[in-house]
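For reference, the chains in residue letters:
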Amino acid sequence: WEFNGSFHQPSAFLMMGIPGLEALHPWISIPFCALYLTALLGNCVILFIIRRTPSLHEPMYFFLSMLAITDLCLALCTLPTTLGLLWFDVRSIAFDACLAQMYFIHILSFIESSVLLAMAFDRFVAISHPLRHPAILTRSTVLKIGLAIVLKGTISLLPIPFLLKRLSYCGRTELSHSFCFHPDIMNLACADIKVNVFYGMIILLSTVGMDFIFIVLSYILIIRTVLSLTTKEECLKALNTCVSHICAVLVFFIPMIGLSMIHRFGRDVPPLVNTLVAYTYLIIPPALNPIIYSIKSTHIREALLRALCRKRG
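Residues numbered from 1 in each chain as written. Predicted model: local features only at pLDDT ≥ 70, side-chain atom pairs only at ≥ 80, totals over all residues. Heavy atoms only, no water.

- An unreviewed UniProt entry annotates the protein chain as Olfactory receptor of Certhia brachydactyla.
- In its Sequence similarities (unreviewed entry) section, the UniProt entry covering the protein chain states "Belongs to the G-protein coupled receptor 1 family." (UniProt positions renumbered as here; feature names shortened; annotations may be inferred.)

Right, here's the structure in full:
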């Protein structure tokens, strides 16, 4: 233990693996490696295809590029500590390193939430106002939206590490996961954490919570517009452009809401459930999103096939 000013801070935290299955960590690492490899390769392929295909240089695919970059960074944030624990049983993480990892995990999660909202807005404009879509979402507008998303996530979460550093820690140093999560660190403190709880809840509701509400509203308006179309074929064609995005929203928000509820209210939830929900939240979306968009997007699928054919030729 180190004594910093008037606060006790541990020199390191201890990360936990999968409760009750510690002996099977080497075997459990195999599906984790497969998911991380899928996330890294899949998102890199999406970025490569969009960059090399001029016909994909439009708002929908620019936002998809932002989503791929976010997923790539999110996977890289948790990969070292998760695989280090599963492969080499490296459980210790320095206090400041833990705060840094926690900060970037939460920033990237907030950015992904906002990017999904931007993609929902893009689908709403494309379906409701197709003729005005290119004029509303120009390249400069998309760039400004991207910068605003990054700044919002970075600035809103900036106080979190400092709020955690001001706390005094004594006794337990075991984290619930193989990565650092704000409620997890906060609950190890033996000081008053009301400020941390209040600020965390306010930021979560005002960012991710509002994003989710506006995504739902966007799809209500989209459905209302689609139902006003004259033919069934037009309805199905319009809805088909939204299927991949709806899947990405569900894959991201359901585990995120579940994990937040477990950390704040699920004191009696078994540790294994907590761990599985956490891994589902941080590892599954980066791995599944490239697959979802590759399967559902005809343009990406065709561009990928053309790239493969050129390499074989």
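**Comments concerning a nonpolar patch on the surface**
Next, step 1: Together, Met210, Phe212, Ile213, Phe214, Val216, Leu217, Ile220, Ile257, Met261 and Phe265 give the surface a local cluster of nonpolar side chains, amounting to about 880 Å² of exposed area.
Next, step 2: Looking at the nonpolar patch, the elements that each hand over two or more residues are helix 8 (194–227) and helix 9 (232–265).
Next, step 3: Counting residues per element, the nonpolar patch draws most heavily on helix 8, which supplies 7 residues.
Next, step 4: Along the chain, the position of Leu217 falls in helix 8.
Next, step 5: Overall, Leu217 belongs to the partly exposed group, its relative accessible area being 41%. (Patch = residues over 30% accessible without salt bridge, like charges linked within 9 Å, V, L, I, M, F, W, Y side chains within 5 Å. Areas by Shrake-Rupley, 256 points an atom, 1.4 Å probe, with all protein chains shown as cover. Salt bridge = Lys/Arg side-chain N within 4 Å of Asp/Glu carboxyl O. Helix = DSSP H or I, 4+ residues; strand = E, 2+ residues; numbered from the N terminus. Buried < 20%, exposed > 50% of the residue type's maximum accessible area, 1.4 Å probe, protein only.)

**Comments concerning the state of the cysteines**
Next, step 1: The final tally for this structure, using the stated rule, is 2 disulfides.
Next, step 2: The disulfide that involves Cys98 links it to Cys180, with 1.9 Å between the sulfurs. Here Cys98 and Cys180 share a disulfide; its torsion about the S-S bond, -120°, makes the bridge left-handed. Within this pair, whereas Cys98 is found in helix 3 (residues 95–128), its partner Cys180 is found in the loop between helix 6 (159–165) and helix 7 (182–186), the two being separated by 82 residues in sequence. Of the two residues, Cys98 and Cys180, neither departs from the other in class, the shared state being buried. (Disulfide = S-S within 2.5 Å.)

**Overview of the packing of helix 9 against helix 10 (residues 271–296)**
Next, step 1: Contact pair helix 9 / helix 10: the axes reach a minimum separation of 9 Å and the direction vectors enclose 170°. Put simply, helix 9 runs roughly antiparallel to helix 10.
Next, step 2: Of the residues assigned to the contact of helix 9 with helix 10, the class counts are 18 nonpolar, 8 polar and 1 charged. (Axes fitted to C-alpha atoms, helices over the stretch in contact; angles between N-to-C directions. Parallel < 35°, antiparallel > 145°, perpendicular 65-115°, else oblique. Nonpolar A, V, L, I, M, F, W, Y, C, P; charged D, E, K, R; others polar.)

**Quick look at the side chain of Thr78**
Next, step 1: By the element assignment, Thr78 lies in helix 2 (residues 59–88).
Next, step 2: Once residues lying within four places of it in the same chain are set aside, the contact partners of Thr78 are Tyr36, Gln101, Ile105, Phe179 and Leu282. (Contact = heavy atoms within 4.5 Å.)

**Examining helix 2**
Next, step 1: Along its 30 residues, helix 2 runs 43 Å from first to last C-alpha, staying within 8% of the 44 Å computed at 1.5 Å per residue.
Next, step 2: The largest bend along helix 2 reaches roughly 40° and is located at Leu79, with the proline Pro80 sitting one to four residues downstream.
Next, step 3: Of all 30 residues in helix 2, 22 are buried; the element is thus mostly enclosed.
Next, step 4: Just downstream of helix 2 lies Asp89, where phi reads positive at about 60°. (Expected span 1.5 Å × (residues − 1). Bend = angle between axes of the 7 residues up to and from the residue.)

**Here we look at the confidence of the model for the protein chain**
Parts of the model with low pLDDT should not have their predicted coordinates read in detail.
Next, step 1: Confidence in the prediction of the protein chain, expressed as mean pLDDT, is 89, and 96% of residues score 70 or more.
Next, step 2: Per-element averaging of pLDDT across the protein chain places strand 1 (residues 2–4) at the bottom with 43 and helix 5 (residues 139–156) at the top with 96.
Next, step 3: In this model residues 1–6 is a low-confidence stretch, pLDDT under 50, and it forms 12 contacts with partners more than four residues away in sequence or in other chains. (pLDDT = per-residue confidence, 0-100.)

**Quick notes on the packing of aromatic side chains**
Next, step 1: Scanning the model with the defined rule gives 11 aromatic pairs in all.
Next, step 2: The interplanar angle of 75° and the centroid separation of 6.0 Å between the aromatic rings of Trp87 and Phe88 together place this pair among those described as edge-to-face.
Next, step 3: Of the residues examined, Trp87 reaches a relative accessible area of 45% and is grouped as partly exposed.
Next, step 4: Exposure remark for Phe88: the relative accessible area of 62% places this residue in the exposed category.
Next, step 5: Judged by centre distance (5.0 Å) and plane angle (85°), the ring pair of Phe252 and Phe253 falls under edge-to-face. For the pair Phe252 and Phe253, one class covers both residues: buried. (Phe/Tyr/Trp six-rings, centres within 6.5 Å; stacked < 30°, edge-to-face > 60°.)

**Some remarks on the environment of Pro26**
Next, step 1: When you line up the elements, Pro26 lands in helix 1 (residues 25–52).
Next, step 2: It is 32 Å that separates the C-alpha atoms of Pro26 and Val249, two residues lying 223 residues apart in sequence.

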